[in-house]
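Chain by chain, the residues:
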Amino acid sequence: MTKRQSRSGGWSSRRTFVLATGAIGTSVLAGCLDGDDSDSQAGAGLGGGGGNGDSEPEDEMLSDSFDPQNPDWENNNYLGSQMVEHDFIRGSEFDLEQMADRGRTEAVYGREPVEHPDDPSEWIDPDPIVYADLPREDSEQAYADQLEPMIEKLEAETGRDVEFQTIESYAAVVEGMRSERIHIANFATGNTPFGVNMAGMVPLAMGVAGDGEFGYRLLAITRADMDEIQSVSDFTDFRATHTEESSNSGNQAPSALFDEHFGLTVGENYDPEMSGGHEQSTRGIAYGDYDCGPICSTCMEQTVDAVDNIDWDDFKVVSAADPFPPGPVGYRYNLHEDIIQGARETFLNTDWSGTVFGEEAGYPTYEEVDYVNHWHDVMVNQQYNGVEYDEANL
């Protein structure tokens with residue numbers, strides 16, 4: 001087995017490359033669960049130069065010549081602003097086409113989505129239909145207002161009332177759909193296989209931006225002033241953080257990729273602390289509570305945008321993965337066929353451009369999800385980590 005080099009040049013180590021069982025493909029809304037919203041904490045690393053005062057960074061690998069097609073992580077580090085400047089936060093149309101064209105017909109790990117029953121007596125026909133989503137930075141009412149155009153469209157297409165419900169965790173949305181109390185929901189990337197395997201969830205659609213960008217990347221970050229950290233290999237010597245057990249970009253993917261490409265094995269020579277979410281990890285690294293860790297690029301973007309005293313140049317990126325798919329909208333497999341068809345029409349055949357839903361709550365367009373292909377890398381990462389699809393791992 002030779003070192004896999006991605007199109008974007010991610011996850012190559014200039015030091016140790018460890019061969020691992022299975023080929024781990026670099027694969028996305030890992031959960032952006034909000035934590036403490038106080039931005040009054042103080043710590044090192046803020047101000048685009050970190051704790052070195054006015055001195056210049058001493059990281060000889062730090063470069064300001066970022067090439068999105070060939071970042072050459074083996075020889076370069078970059079300040080976080082380079083990711084934004086070169087639109088490296090999300091995947092492109094090319095990346096999306098590559099993911100869909102894998103030609104797979106079976107799930108590499110776990111099961112495929114359950115097929116819709118032929119017998120109408122096995123269908124459920126809820127009224128109201130319950131649509132659920134994870135919490136956002138906006139208040140529940142503000143987010144409900146943003147969803148209103150989609151809710152109205154879904155009601156018109158299905159002929160049933162739709163009730164919006166927020167849920168508090170990944171586990172809650174899986175359990176809610178398993179028990180048929182939630183019928184359609186916005187899942188996160190990492191818990192989508194849990195929904196498929198545990199709750200009879202069928203992934204339907206994932207959002208795509210107007211310019212064709214989608215999903216997120218897994219970034220390996222540290223503070224800008226941490227000259228001692230120039231590779232993921234160095235994380236083992238510092239206080240690293242992951243987010244939570246079931247998070248794709250916050251735990252599952254980096255555990256697999258860091259082991260395969262950098263020799264960092266959780267529980268052996270690498271012991272990251274769980275922060276509780278991507279916002280907590282971003283803040284914690286900026287404020288000096290942690291020194292380094294993996295982060296979902298779009299979650300990091302949301303945090304930097306929301307917190308006044310954190311800036312992109314407070315962070316250094318030492319490696320990045322190819323993009324993951326965003327968390328999809330999925331439905332319970334045994335819904336009445338009219339509800340499924342109405343959901344398909346709502347998300348796959350509606351242009352949300354210019355609406356509050358398209359601009360603030362969702363995406364202007366949605367692409368149909370092929371679970372066994374689009375989620376292949378996510379499943380491979382979870383297989384690598386020995387994830388069992390049960391409540392204990394949610």
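Residues numbered from 1 in each chain as written. Predicted model: local features only at pLDDT ≥ 70, side-chain atom pairs only at ≥ 80, totals over all residues. Heavy atoms only, no water.

A. Geometry of helix H6 (residues 248-262). Taking 1.5 Å of rise per residue, the 15 residues of H6 would be expected to cover 21 Å, yet its terminal C-alpha atoms sit only 18 Å apart, more than 12% below that figure. At Pro-254, H6 shows its largest kink, close to 40°. Among the 15 residues that make up H6, 15 are buried, leaving the element largely enclosed by the rest of the structure. The distance from a side-chain oxygen at the start of H6 to the backbone nitrogen of Gly-250 is 3.0 Å, and the residue carrying that oxygen is Ser-247. Looking one or two residues beyond H6, the residue adopting positive phi is Gly-263, at roughly 75°. (Helix = DSSP H or I, 4+ residues; strand = E, 2+ residues; numbered from the N terminus. Expected span 1.5 Å × (residues − 1). Bend = angle between axes of the 7 residues up to and from the residue. Buried < 20%, exposed > 50% of the residue type's maximum accessible area, 1.4 Å probe, protein only. Polar contact = N/O pair within 3.5 Å; in protein donor to acceptor, adjacent residues only side chain to side chain.)

B. Highlighting the sheet that holds strand S5 (residues 201-208). Taking strand neighbours across the sheet as the criterion, the 6 strands line up as S3-S2-S4-S11-S5-S12 in an open arrangement whose pairing is mixed. The open sheet terminates on both sides in strands that have one partner only, identified here as strand S3 (162-166) and strand S12 (365-368). Along the sheet, successive strands turn relative to each other by an average axial angle of 25°, direction set aside. Bridge analysis of strand S2 (residues 129-133) against strand S4 (residues 184-186) gives 2 bridges, and the strand direction is parallel. Residue Tyr-131 lies in a different strand from S4, and its bridge partner there is Ile-184. Strands S2, S3 and S4 of the sheet are contacted by helix H3 (residues 140-158), whose axis makes an angle of about 150° with S3. (Pairing = 2+ DSSP bridges. Axes fitted to C-alpha atoms, helices over the stretch in contact; angles between N-to-C directions. Contact = heavy atoms within 4.5 Å.)

C. The arrangement of the pairing of S5 in detail. Counting buried positions over the 8 residues of S5 gives 8, a clear majority of the element. As defined by bridge partners, S5 adjoins strand S11 (residues 329-332) across 4 bridges and the pair is classed as antiparallel. Its bridge partner lying in S11, Ala-205 is registered against Val-329. Here S5 pairs with S12 via 4 bridges, running antiparallel. Residue pairing in the sheet places Ala-205 in a bridge with Glu-368 of S12.

D. Region of interest: the environment of Ala-199. Looking at where Ala-199 falls in the secondary structure, it is placed in the loop between helix H5 (192-198) and S5. Ala-199 sits in the buried class, given a relative accessible area of 0%. Sequence spacing of Ala-199 and Tyr-333 is 134 residues, and the spatial spacing of their C-alpha atoms is 8.9 Å. In this structure Ala-199 touches Val-174, Met-177, Arg-178, Phe-194 and Arg-332, once residues within four positions along its chain are discounted.

E. Fine view of helix H2 (residues 93-100). If you check which residues of H2 are buried, you get Asp-95, Leu-96 and Met-99. Buried positions in H2, seen along its axis, are confined to an arc of 100° and lie on one side of it. Of the surrounding secondary structure, the elements contacted by the buried residues of H2 are S5, S12 and helix H11 (371-374). (Arc of directions from axis to C-beta.)

F. Here's a closer look at the pairing of S11. Judged from the 3 bridges that link them, S4 and S11 form a sheet pairing that is antiparallel. When the bridges of S11 are listed, Ala-185 appears paired with Gly-330.

G. Broad picture of the nonpolar core. Ranked by internal contacts, the top residues of the largest apolar core, which has 39 residues, are Val-173, Val-174, Met-177, Ile-182, Ala-185, Phe-187 and Trp-375. Of all elements in the fold, only H2, S2, helix H4 (170-178), H5, S5, H6, H11 and helix H12 (376-384) reach the threshold of two or more residues within this core. Here the element with the most residues in this core is H4; it accounts for 4 residues. In this structure, this core is formed jointly by two domains, domain 1 (78-92 + 216-324) and domain 2 (102-212 + 326-385), each of which donates at least three residues. (Core = buried A, V, L, I, M, F, W, Y, C linked by side-chain atoms within 4.5 Å. Domains from an automatic or database assignment.)

H. Structural detail: the sheet that holds strand S1 (residues 78-79). Judged by pairing direction, the sheet is antiparallel, and its 4 strands sit side by side in the order S1-S10-S6-S9 without closing on themselves. Looking at strand neighbours, the two that pair on one side only are S1 and strand S9 (292-296), the edges of this open sheet. Across 5 bridges, strand S6 (residues 218-223) lies against strand S10 (residues 315-320) in antiparallel orientation. Looking at S10, one finds that Leu-219 is bridged to Ala-320.

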